Amino acid sequence: MTKDTMVGVDLAKNVFQLHAASMTGQPKFRKKLSRQSFLKFMADQPPAVVVMEACGSAHYWAREMIRLGHEVKLIAAQYVKPFVKRQKNDAADAEAVVVAAQRPEMRFVEPKSAEQQSRAILFRARERLVHQRTELVNALRACLYEYGHAVPQGIHQIKRIAEILDTHSSDLPDLMREECRELLDQIAEQTTRINARTAKIKTLAAEADTARRLQTIPGVGPLTALAVEAFAPPMENFRCGRDFAAWLGLVPRQFSSGGKERLGRISKAGYGMHTSLCGKESTRKNFAEARLKYMI
């Protein structure tokens, strides 16, 4: 069925703003709906192209709209902003979503499945724990520095810190030792949680066919392989390996004008989770060189 209506939705927690227009841009209606009535309203509508910003809960609503028979397109928020009129409000945002989606050169975000989102949450949970553990280690190093013990950075310095605290000949007060040992216990707890999530990721990577194939690329381990499945869109969306490398952020920063090209350093301006996808520069280069031949 040919869809002749495009509905732009400005998502929120409680109130959704809708802006419907024809495929040629002629406005049809504007509505302000509560969260409860939004799903019922869209179920009563004929199949249409529903456009939303790729923000919080967007992938959930995309799956719901597809279930109702609508075609869904997600747009990155930075691509919608130039089309917002002078006064910013929910109605103007919904209209800007439609105007942006009707541009023939617009790029869209592929909706994620529920399984993809759950794996992404697992990766973000592990990353959050790593950041918290790093904060605790730095706090512990700062405490020792106040007493003249300069400890280098790195989680592998924990054994050295423990030896300093256990040395009775040092001039560390007992109260300070107690607080530092408490920090050591918290670091051990975080390490246990990180290891549990790492083991879970490795198990999932061993079960997924694509993740197993990805691990045949030199420098790609189970964490990186499963991260590609969790965060990257389907590989069919990329024409070649260079497009995937650009999605990762392996492109130089450009400041060209007047026919003169000025290329800077690698911008890393790709997907925001590039550190989780491939934490080392050498791994990112391996992805670019592989040209997706292991994935398609």
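Everything in this summary refers to the structure shown in the same document. (Residues numbered from 1 in each chain as written. Predicted model: local features only at pLDDT ≥ 70, side-chain atom pairs only at ≥ 80, totals over all residues. Heavy atoms only, no water.)

Details of the pattern of salt bridges
Under the convention used in this document: Salt bridge, as used here, is a side-chain nitrogen of Lys or Arg placed within 4 Å of a carboxyl oxygen of Asp or Glu. Each helix is a run of H or I in the DSSP string that is no shorter than four residues. Each strand is a run of E no shorter than two, and both are numbered from the N terminus. Buried means the residue's accessible area, taken with a 1.4 Å probe over protein chains only, is under 20% of the maximum for its type, while exposed means over 50%, and partly exposed covers the values in between.
Under the defined criterion, the tally for this structure stands at ten salt bridges. Between Asp44 and Lys40 there is a salt bridge; the shortest N-O distance is 3.6 Å. Of this pair, Asp44 and Lys40 both sit in helix 1 (residues 35-44), four residues apart, roughly one helical turn. Given a relative accessible area of 56%, Asp44 falls into the exposed group. Note that Asp209 is salt-bridged to Arg212, the shortest N-O span being 3.4 Å. One end of the pair is Asp209 and the other is Arg212, both in helix 8 (residues 209-214) and three residues apart, which spans about a single turn. Through salt bridges with shared partners, one network takes in Arg30, Lys85 and Glu95.

Examining a negative patch on the surface
So the rule is basically this: Like-charged residues within 9 Å of one another, or nonpolar side chains (Val, Leu, Ile, Met, Phe, Trp, Tyr) within 5 Å, are grouped into patches, provided each residue has over 30% relative accessible area and no salt bridge. For the area figures, the Shrake-Rupley method with a 1.4 Å probe applies, and any residue is considered shielded solely by the protein chains shown. By the counting scheme adopted, Arg and Lys are positive, Glu and Asp are negative, and His together with the chain ends is not counted. The location of each charge is read from NZ of Lys, CZ of Arg, CG of Asp or CD of Glu.
On the surface, Asp174, Glu178, Glu179, Glu182, Asp185 and Glu189 cluster together to form a negatively charged patch. Its place among the elements puts Asp185 in helix 7 (residues 174-207).

Comments concerning the packing of aromatic side chains
Filter applied, for reference: Planes of paired rings set the category: under 30 degrees apart is stacked, over 60 is edge-to-face and the rest tilted, where pairs are Phe, Tyr or Trp rings (Trp by its six-membered ring) whose centres lie within 6.5 Å.
Applying the stated criterion across every chain, the model contains nine aromatic pairs. A centroid spacing of 4.8 Å and a plane angle of 75° characterise the contact between Phe16 and Phe38, whose relative ring orientation is edge-to-face. Of the two residues, Phe16 is situated in strand 2 (residues 15-22) and Phe38 in helix 1; the sequence distance between them amounts to 22 residues. Under the relative-accessibility criterion, Phe16 is labelled buried at 0%.

With respect to the sheet that holds strand 4 (residues 49-53)
Test applied: Two strands make a pair as long as DSSP finds a minimum of two bridges between them. Helix axes use the C-alpha atoms of the stretch in contact, all axes being lines fitted to C-alpha atoms, and the angles between their N-to-C directions lie in the range 0 to 180 degrees. Here, residues are in contact when the closest pair of their heavy atoms is within 4.5 Å.
Taken together, the five strands give an open sheet; going across it, the order is 3-2-1-4-5, and neighbouring strands pair in mixed fashion. The sheet is open, and its two edges are formed by strand 3 (27-34) and strand 5 (71-75), each paired on a single side. Neighbouring strand axes in the sheet, compared pairwise and without regard to direction, differ in orientation by 20° on average. Bridging between strand 1 (residues 5-10) and strand 4 involves four bridges; their strand directions are parallel. Paired with Met6 across the two strands is Val49, which belongs to strand 4. Against the sheet, helix 1 touches strand 1, strand 2, strand 3 and strand 4, its axis set at about 140° to strand 3. Most of the contacts of helix 2 (residues 58-67) go to strand 5, to which it runs at about 165°, and overall it touches strand 2, strand 4 and strand 5.

As for the packing of helix 6 (residues 158-166) against helix 7
Note the following rule: In what follows, roughly perpendicular refers to angles from 65 to 115 degrees, roughly parallel to angles under 35, roughly antiparallel to angles over 145, and oblique to any angle outside these ranges. Left-handed describes a crossing in which the near helix is turned anticlockwise from the far one by less than a right angle; the clockwise case is right-handed. As a working rule, the residues Ala, Val, Leu, Ile, Met, Phe, Trp, Tyr, Cys and Pro are called nonpolar, Asp, Glu, Lys and Arg charged, and the rest polar, with Gly in that last group.
Where helix 6 contacts helix 7, the axes come no closer than 11 Å and their chain directions differ by 155°. Here helix 6 is positioned roughly antiparallel relative to helix 7, judged by the angle of their axes. Where helix 6 crosses over helix 7, the handedness of that crossing is left-handed. Residue-level inspection shows Ile158, Ala162, Ile164, Leu165 and Asp166 of helix 6 in contact with helix 7, the latter providing Arg177, Cys180, Arg181, Leu184 and Ile187. Each residue belonging to the contact of helix 6 with helix 7 can be placed in one class, and the counts come to seven nonpolar, no polar and three charged.

Side note on the nonpolar core
Quick reminder of the rule: To form a nonpolar core, buried Ala, Val, Leu, Ile, Met, Phe, Trp, Tyr and Cys residues must be joined to one another through side-chain atoms within 4.5 Å.
Ranked by size, the top nonpolar core spans 22 residues in total, and within it Phe123, Phe231, Phe244 and Trp247 carry the most contacts. At the level of secondary structure, the elements contributing two or more residues to this core comprise helix 5 (114-145), helix 7, helix 8, helix 9 (222-231) and helix 10 (241-248). Top element by residues in this core is helix 9. It accounts for six residues. Core analysis: the next-biggest nonpolar cluster, separate from the first, contains 19 residues, Met42, Ala48, Val50 and Leu74 among them.

Looking at the pairing of strand 2
By the criterion of burial, strand 2 is predominantly enclosed, with seven of the eight residues buried. Pairing between strand 1 and strand 2: six bridges, direction antiparallel. Residue pairing across strands places Val7 opposite Ala20, the latter belonging to strand 2. Linking strand 1 back to strand 2 in an antiparallel pair, the connection comprises four residues. Looking at chain direction, strand 2 and strand 3 are connected through seven bridges and run antiparallel. Counted as the bridge partner of His19 is Arg30 from strand 3. Connecting strand 2 to the antiparallel partner strand 3 that follows it, the hairpin turn spans four residues, and Gly25 within it adopts a positive phi of roughly 100°.

Just geometry here; none of it tells us what the structure is for.
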